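Structural overview for review
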Amino acid sequence: MLVKIGTPKELFEGEARVAMTPDSAQQLQKLGHTCLIETGAGALAGFSDADYKNAGVEVVKTAAALWKAADVVAKVRAPDAGEMKRLRAEQTLISFFSPVANEKEMKAAAKKGATVVAMEMIPRISRAQKMDALSSMANIAGYRAVIEAGNNFGRFFTGQITAAGKVPPAKVLVVGAGVAGLAAIGTSTSLGAITYAFDVRPEVAEQVESMGAEFVYLDFEEEQADGSSSGGYASVSSPEFREAQLAKFRELAPEVDIVITTALIPNREAPELWTEDMVAAMKPGSVIVDLAAEKGGNCKLTVMDEKIVTDNGVIIIGYTDFPSRMATQASSLYATNIRHLMTDLTPEKDGVINHNMEDDVIRGATIAHANDVTFPPPPPKVAAIAAAPKKEAAKELTPEEKAAAEVAAFKAQTKNQVTLLAAGAVLLLGIGMIPGMPASFMQHFIVFVLAVFIGFQVIWNVAHSLHTPLMAVTNAISSIIILGALIQIGSSSVLITILAALGIFMAAVNIFGGFLVTRRMLAMFQKS
C-alpha cells in the first residue's frame, strides 16, 4: 500500500516552522509517497498553499481530515493532547517528542499500536548526519544567537578607527563548542569580534582555533577524563573540574562583552555555568544569550522566553524559539532531515515503508513500535576497530639490515621495469613488422608509448595525498592539445571536424574543470 505523508499546522504558540516544504514534498513523491498538508501550515515559514499545490501536494482543509487520511504524520513539535487522541493504530508519527518528559504520551502511543519516531533520538553516527535534526536546529540557533546579541549590543562587533574616534572590537565568549557553539563562533569571528570559546572536551580546541577563535584552556589534569564523551555530547563534569571552570569564568566575566551559552545534555537539566556574581561582574550593556533556557538555562538569572535587564545593565536573553525566528531556513533543513529519514524507511523507493528495527538509525530514533515502548534504544552497533587484533610490532632493523633491504627493493623494482620495457619493445617490434604498416604511424605510435610510460612513472611516484590537486592542474595544463583540435576543425573531412569538435569540448572541460577543482581545494585551507 502506498503511503500518504501529511503535515498539520503546528499548534504550539509561536511556532512558525513546518515539517514539509514544497521542495521536500517533491523529493518524497519521488520515493512513491503521496503528500498532504493542512491549509496554512507553511504560511508562517513563507510557503503558501499555492506553492504546495504547484509541487503536487494535496492541501487538506482541516487537521482532523489530515490526521485521518495520513499514514505518516510529520510534525515539528511534540503532539498536544488533542493530536494524541487523533493518533491511531498503524499510523507513524515523526516529530520532536521528548520521550523522557512525555513518557505518558509515549506509552499511550504504544498502547494504540502507533509508531513514534523522535527526531531528537537520531543517533549521532556518521551515516545519520543527514537526518540529525538536533544539529540542524542547533546550527541555526547558534547563528541566530549572535544576531540577537548584536541586535541588543550597543557597539559594533568589529573594531574601527574613524575620524570620529576609535571603536574597540567586541569580546565574545562562547561556552560550549558543539554544533550551536561552533555556529556562534563562526558567525562572531566573521563579524570581526574577538572570540573566545570554552568546552569541557579539549579535543575540540583545534576546531575552535581553525575558525579564528581562541580556545580557553583550564589548568586541570582531569579535564580530558571528565569532559569527554563518546556520544557526541559533553559528559557531566566532576565537582573539582566544575570549580576550576567557574573560577575561569569569573576571571573572564569583567572582560567579555557578550556571552553565549550552549551547554546542554539531552534529557537533562541545563548545568548552571554563569552564576549571579559573574553577571554582576560584567560591564553595563553586556549581553548574555542563553541557548539552554528551555532546560533551566546555563545562566542563573535566565528567564525562559524573556529578555531581562539586570540592575547593573546586563541584558539576558532567554528565548527558546531561535530556529523558529528563522522559520524558512529552519523548515527547509528540518524537512530535508525528515526526507532523508523517509528515504531510509523506503529503501525500494516504491512508496512502501519498511520499518526495519535492525537498522541502527531507525531503531535508535523509534520510541514506540508494534504496541511496545522501545525507548531507551540499545547503543548503536559500531565496528569494533579497537577489538581488532593488533599487528605484531615490526622488528627494529639495524642500519646494515635497512641498507640491504633498500638494495633488494631497488633490484626488484629495476627487474620489473626491465621486464616491462622488454615486453613493450617486443610489442612495438611485432606491430612494426605488420605488412603495409606506414612508417609515419610507427613514429607517432612510439612517441605515444614513450609519453604514456613517462607520464605513468611521474604520476606513480607522487604521494597519494597529492594525486587530486596534481591531476587537477595536470588536466588543465595538458589540455594544450586543444590547439591541435582547433587547427583540425577546419578540415574538409566531416569525420575529422566532428572529432576535432569533440576534442575541443573535452579539452575545455579539462581546462576549466582542472583549475576550478584546484581553486576549491586551495580554498579549503584558507581562513574566511
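This text follows the structure it describes.
The rules behind these values
- Residues numbered from 1 in each chain as written.
- Predicted model: local features only at pLDDT ≥ 70, side-chain atom pairs only at ≥ 80, totals over all residues.
- Heavy atoms only, no water.
- Helix = DSSP H or I, 4+ residues; strand = E, 2+ residues; numbered from the N terminus.
- Buried < 20%, exposed > 50% of the residue type's maximum accessible area, 1.4 Å probe, protein only.
- Contact = heavy atoms within 4.5 Å.
- Areas by Shrake-Rupley, 256 points an atom, 1.4 Å probe, with all protein chains shown as cover.
- Phe/Tyr/Trp six-rings, centres within 6.5 Å; stacked < 30°, edge-to-face > 60°.
- Pairing = 2+ DSSP bridges.
- Right-handed = clockwise from strand over helix to strand, strands pointing away.
- Salt bridge = Lys/Arg side-chain N within 4 Å of Asp/Glu carboxyl O.
- Axes fitted to C-alpha atoms, helices over the stretch in contact; angles between N-to-C directions.
- Parallel < 35°, antiparallel > 145°, perpendicular 65-115°, else oblique.
- Left-handed = near helix turned anticlockwise from the far one by under 90°.
- Nonpolar A, V, L, I, M, F, W, Y, C, P; charged D, E, K, R; others polar.

**Some details on the overall build of the protein**
Of the regular secondary structure elements, the protein holds 18 helices and 17 strands. The buried share among the 528 residues of the protein stands at 40%. If you take every contact in the protein between residues at least 6 apart in sequence, the share linking residues at least 24 apart comes to 63%. With the model as given, the accessible surface of the protein reaches about 29,000 Å², and the carbon-plus-sulfur share is 61%.

**Quick word on the packing of aromatic side chains**
Inspection of every chain in the model, using the stated rule, returns seven aromatic pairs. On the numbers, 5.3 Å between centres and 85 degrees between planes, the contact of Phe 198 with Phe 249 is edge-to-face. Note that Phe 198 is positioned in strand β10 (residues 194-198) and Phe 249 in helix α10 (residues 239-252), a separation of 51 residues in sequence. Judged by its relative accessible area of 0%, Phe 249 is buried. An angle of 55 degrees between the planes, with centres 6.2 Å apart, marks the rings of Tyr 319 and Phe 322 as tilted.

**Some points on the pairing of strand β1 (residues 4-7)**
Looking at chain direction, β1 and strand β2 (residues 34-38) are connected through four bridges and run parallel. Paired with Ile 5 across the strands is Cys 35, a residue of β2. For the handedness criterion, the β-α-β arrangement of β1, helix α1 (residues 22-30) and β2 is classed as right-handed. By the bridge criterion, two bridges tie β1 to strand β4 (residues 72-74) in an arrangement that is parallel. Note that in β4 the partner of Gly 6 across the bridge is Val 73.

**As for the pattern of salt bridges**
If you walk through the whole model with that rule in mind, you get 18 salt bridges. The partner of Arg 77 in a salt bridge is Glu 15, with the nearest N and O atoms 2.8 Å apart. Here the residue Arg 77 occupies a position in the loop between β4 and α4 (81-86), and Glu 15 occupies one in the loop between β1 and α1, the gap between them amounting to 62 residues. For Arg 77, a relative accessible area of 15% corresponds to the buried category. The partner of Arg 325 in a salt bridge is Asp 321, and the shortest N-O contact between them spans 2.8 Å. Members of the salt-bridge network, linked through shared partners, are Glu 15, Arg 17, Arg 77 and Glu 294.

**Points about the packing of helix α6 (residues 133-152) against helix α12 (residues 327-345)**
One can describe the packing of α6 onto α12 by two numbers: an axis separation of 9 Å at closest approach and a directional angle of 165 degrees. Judged on the interaxial angle alone, α12 and α6 are roughly antiparallel. Considering how the two elements wind past one another, α6 and α12 form a crossing that is right-handed. Mapping the contact onto sequence places Ala 133, Ser 136, Met 137 and Ile 140 in α6 and Gln 329, Ala 330, Leu 333, Tyr 334 and Asn 337 in α12. Looking at side-chain class alone, the contact of α6 with α12 contains six nonpolar, three polar and no charged residues.

**Observations regarding the sheet that holds β2**
Read across the open sheet, the eight strands follow the order β3-β2-β1-β4-β5-β6-β16-β17; overall the sheet is mixed. Lying at the two open borders of the sheet, with one neighbouring strand each, are β3 (58-60) and β17 (372-373). Relative to strand β16 (residues 366-369), strand β6 (residues 115-118) runs antiparallel, the two being bridged by two bridges. When the sheet's bridge partners are listed, Val 116 is paired in β16 with Ala 368. Contacts from α12 reach β1, β4, β5 (92-95) and β6 within the one sheet, and its direction differs from that of β5 by about 140 degrees.

**Details of the packing of α6 against helix α7 (residues 179-190)**
One way to put it is that α6 packs onto α7 with a least axis distance of 7 Å and a crossing angle of 35 degrees. Considering only the axes of α6 and α7, their crossing is right-handed. Contacts between α6 and α7 involve Ser 135, Ala 138, Asn 139, Gly 142, Tyr 143, Val 146 and Ile 147 from the first element and Val 179, Ala 180, Ala 183, Ala 184, Thr 187 and Ser 188 from the second. In terms of residue class, the contact of α6 with α7 is built from eight nonpolar, five polar and no charged.

Read these as geometric descriptors, not functional statements.
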